[in-house]
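Coordinate analysis (summary)
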Amino acid sequence: MSINISANLGESGDPLDHYWSTCVGAGRAQEGLRAGWLEQLSETVNHNGFRYIRFHGLYHDDMFVLRDIPPNLAIGEMGGRVYNFQYVDELFDRLLAIGIRPFVELAFCPAPLASRKASCFWWGGHGAMPNDLSAWSELVTRTVRHWQERYGHDEVRLWYFEVWNEPNLKVFFNGGYSDYLALYEATARAVKLCDPLLRVGGPATSNYVCDGRFNGEREGDSGRRVDLNEGNIDQQEWQPVWVERFLAWAGEHGVPVDFVSTHPYPTESGFIDPQGNRSNRCLSRYRHSTRDDGRRLRDIVRSSKYPKAEIHCTEWSSSPHCRDYTHDIVPAATYVIQAVLGAAGLFDSLSYWTFTDVFEEGGAGSACFHGGFGMITYQGIAKPVFHAYRFLNMLGSHALAVVDGAVVTKNMDGQMSCLAWNYPIDGAVPISYTRQQAIDLQRLGDAKRLELTVAGLRPRARVELEILAPGHGDPFGAWLSMGSPASPSRQETSRLRDASWETIRMDCCADENGCCVIKYDLPQWGLLMARECS
């Protein structure tokens, strides 16, 4: 097996939208007030170019946006409903200073408006239909107007406003489908009341399914759940939850929809083992499922009454499991590269969930590497996926050549960059429930010969090569070799941070005619970035 690609910088190429860097995810708003979170976000923005960030918990009680306070005349408090934006102001001020804008998720309920308490996550998010939609609308209106006053109308018009998070799942929303429609309409109209040019959307559902379990008012009301196994998962027809009928309803009722959002993780539960027993395990779908999910979503939007609505997949990763050791290793990086480049042109954003392991949906991770969603560990150690997005950010604005395993691009100044990858399996990377499964996954496959030829360079131009592969830019392996300390010492942490950047680096040169030929045996799961130096 080999990867052969050639290109000429004299050609114009096709536009390559860096949609993968539009947005990135984070856990919850309160975590964004921590020094480590902010430092890691700054590093991520600087290296990977993300422009928006989305997180849960804007209205959670620990942000103190809305409270009902009893009177306490001893300290001069008259009591009543109090709106307080100080914590949100600090967070948003810091985001904008770093150079990233909020992709606002309007959720979950503050306690005074929650019809159910502490339904989701360790921190007790109130996944509840508001008990008073008028009061909810007032909260949204006050929030948006506060931002307009603080940041200006022109700035806020650049933001996105998404209504809720995964309302099709009981843990996140105790209402039914009709309740969500009422919530969406009230929220969308409240946002537009502040400024008709603000962008609002939904339904923010999870995930794609191959059965009718979400066709009724509540999950499981209708449609038999399909029993999946490794032999039939890729033979199913997968559909985004609620999107088609949500758009039909909005069109019938004249409700604004500026963008459509959903979460196309390439996995599904409902696994049946060889003995016929249902398991809680997730199965990974086929390698190009994200691309095909994007095509299906695009067709639905284009055939709706909102054909120009943007398409934002506001959560995505190799799996929705926050203790999946695959997230910590090189195969996850290679999966990201082949998936996002394969789906180019289909989405306006595909938001990686998440940029950091400062993340507490299930509480803190029990060790430095614990399979967390983040591109960076709690201690600030860059995982391979961080470098995958760093490599993607180095690509140019136009693609000159694309094959299965490599792309050659140039930027507006005519400089060349090439990204090649060795993805050795047919499916999406599987979930690793144990460290050993992650180790075994990383060993799969064989090296592939890369043969890259680029003409049109400057004579004797220098080309930098950087290779990420198991054992190189692989801090998980370095951590295992030092005995897997749950909480590394200061010296160990420093060594692991260094190991995370110890990729293979070398140079090569174009000949006197401006032609560069690169031949390299790319290891299994390996990534190679070749970039012309200025």
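Residues numbered from 1 in each chain as written. Predicted model: local features only at pLDDT ≥ 70, side-chain atom pairs only at ≥ 80, totals over all residues. Heavy atoms only, no water.

Across its full length, the protein carries 12 helices and 24 strands. Taken against the 2.2 N^0.38 rule, which gives 24 Å for 534 residues, the C-alpha radius of gyration of the protein at 24 Å falls within 12% of a compact globule. Taking the principal axes of its C-alpha atoms as reference, the protein extends roughly 80 × 55 × 50 Å. For the protein, the residues scored as buried account for 60% of the 534 residues in total. As displayed, the protein has an accessible area near 20,400 Å², and 46% of this comes from carbon and sulfur atoms. Seen as two clouds, the 51 positive and the 65 negative side-chain charges of the protein have centres 1 Å apart. (Helix = DSSP H or I, 4+ residues; strand = E, 2+ residues; numbered from the N terminus. Rg over C-alpha atoms; globule rule 2.2 N^0.38 Å. Buried < 20%, exposed > 50% of the residue type's maximum accessible area, 1.4 Å probe, protein only. Areas by Shrake-Rupley, 256 points an atom, 1.4 Å probe, with all protein chains shown as cover. Lys, Arg positive; Asp, Glu negative; His and termini not counted. Charge placed at Lys NZ, Arg CZ, Asp CG, Glu CD.)

Let us look at the pattern of salt bridges. Within this structure, the stated rule accounts for 36 salt bridges. A salt bridge links Arg54 to Glu315; its shortest N-O distance comes to 3.2 Å. With a gap of 261 residues between them, Arg54 in strand β4 (residues 52-56) and Glu315 in strand β15 (residues 310-316) connect regions that are remote in the sequence. Under the relative-accessibility criterion, Glu315 is labelled buried at 4%. (Salt bridge = Lys/Arg side-chain N within 4 Å of Asp/Glu carboxyl O.)

Summed over the entire model, instances satisfying the criterion amount to 0 disulfides. Free of any disulfide, Cys313 has its nearest cysteine sulfur in Cys23, 11 Å distant. Take Cys509: it sits in no disulfide, and the sulfur closest to it among the cysteines is that of Cys508, at 6.8 Å. (Disulfide = S-S within 2.5 Å.)

Here the focus is the nonpolar core. Among the nonpolar cores identified, the biggest contains 140 residues, and Phe92, Phe161 and Tyr389 are the most heavily contacted of them. Apart from residues lying up to four places away in sequence, Tyr389 is in contact with Trp20, Asn48, Phe50, Trp316, Val336, Val340, Tyr352 and Met375. Formed by 29 residues, the second largest nonpolar core is a distinct cluster that contains Val408, Leu452, Ala461 and Ala469. (Core = buried A, V, L, I, M, F, W, Y, C linked by side-chain atoms within 4.5 Å. Contact = heavy atoms within 4.5 Å.)

Let us look at the sheet that holds strand β21 (residues 462-468). Pairing is antiparallel in the open sheet, where 7 strands are placed in the order β2-β17-β18-β19-β24-β21-β22. The open sheet has two edge strands, β2 (14-15) and β22 (504-509), and neither has a second partner. For strand β17 (residues 398-403) and strand β18 (residues 406-410), the ladder comprises 5 bridges, and the chain directions are antiparallel. Paired with Val402 across the two strands is Val407, which belongs to β18. Packed on one face of the sheet, helix α8 (residues 330-342) meets β18, β19 (416-421), β21 and β24 (527-532) and runs near 120° to β19. The strands touched by helix α9 (residues 384-394) are β19, β21, β22 and β24; relative to β21, the strand with the most contacts, the crossing angle is about 155°. (Pairing = 2+ DSSP bridges. Axes fitted to C-alpha atoms, helices over the stretch in contact; angles between N-to-C directions.)

Below, the discussion takes up the sheet that holds strand β1 (residues 2-8). With mixed pairing, 3 strands are arranged side by side in an open sheet as β1-β20-β23. Strands with a single pairing partner mark the edges of an open sheet, and in this sheet they are β1 and β23 (516-522). Adjacent strand axes in the sheet meet at a mean angle of 10°, parallel and antiparallel pairs treated alike. Pairing of strand β20 (residues 448-455) with β23 involves 7 bridges; the strand directions are antiparallel. Note that in β23 the partner of Val454 across the bridge is Cys516.

For any pair of aromatic rings, geometry is given as the distance between the ring centres together with the angle between the planes. For the structure on display, the rule yields 41 aromatic pairs. Arranged with centres 5.7 Å apart and planes meeting at 55°, the rings of Tyr151 and Trp159 form a pair that is tilted. Assigned by exposure class, Tyr151 and Trp159 land together as buried. Seen from their ring centres, Trp164 and Phe173 are 5.7 Å apart, and the 70° between their planes marks the pair as edge-to-face. There is no split in this pair, since Trp164 and Phe173 are both buried. Positioned above the aromatic ring of Tyr160 is the side chain of Arg199, whose terminal nitrogen or guanidinium carbon lies 3.8 Å from the ring centre. Arg245 extends its terminal NZ or CZ atom over the ring of Tyr177, reaching a point 3.7 Å from the ring centre. (Phe/Tyr/Trp six-rings, centres within 6.5 Å; stacked < 30°, edge-to-face > 60°. Lys NZ or Arg CZ within 6 Å of the ring centre and 35° of its normal.)

On to unusual backbone geometry, then. Along the chain, Gly202 connects to Pro203 via a cis peptide bond; the corresponding omega equals 5°. Along the chain, Pro203 turns up in strand β9 (residues 199-206). The omega angle of the peptide bond from Trp353 to Thr354 is 10°, so this bond is cis rather than trans. Within the chain, Ala118 stands out as a residue other than glycine whose phi angle is a positive 50°. Mapped onto the secondary structure, Ala118 falls in the loop between β7 (101-106) and α3 (133-151). For Phe121, which is not glycine, the phi torsion reads 75° and is therefore positive. If you trace the backbone, Phe121 turns up in the loop between β7 and α3.

Attention now goes to α9. Where burial is concerned, most of α9 is hidden: 10 out of the 11 residues are buried. Looking at α9, one finds that the buried residues are Pro384, Val385, Phe386, His387, Ala388, Tyr389, Arg390, Phe391, Leu392 and Met394.

As a further point, take the environment of Leu283. Structurally, Leu283 can be placed in strand β14 (residues 283-284). With a relative accessible area of 5%, Leu283 lands in the buried category. Sequence separation of Leu283 and Arg28 is 255 residues, and the distance between their C-alpha atoms is 27 Å.

The next subject is the packing of helix α2 (residues 86-98) against α3. Viewed as axis vectors pointing N to C, α2 and α3 meet at an angle of 50°, and their least axial separation amounts to 12 Å. The angle between the axes of α2 and α3 places the two elements in the oblique class. Relative to α3, α2 is oriented so that their crossing is right-handed. In contact with Val88, Asp89, Phe92, Asp93 and Leu96 of α2, α3 contributes His146, Trp147, Arg150 and Tyr151. (Parallel < 35°, antiparallel > 145°, perpendicular 65-115°, else oblique. Left-handed = near helix turned anticlockwise from the far one by under 90°.)

Along the chain, Ser349 turns up in strand β16 (residues 349-352). At 2.7 Å, the side chain of Ser349 and the side chain of His312 are in polar contact. (Polar contact = N/O pair within 3.5 Å; in protein donor to acceptor, adjacent residues only side chain to side chain.)

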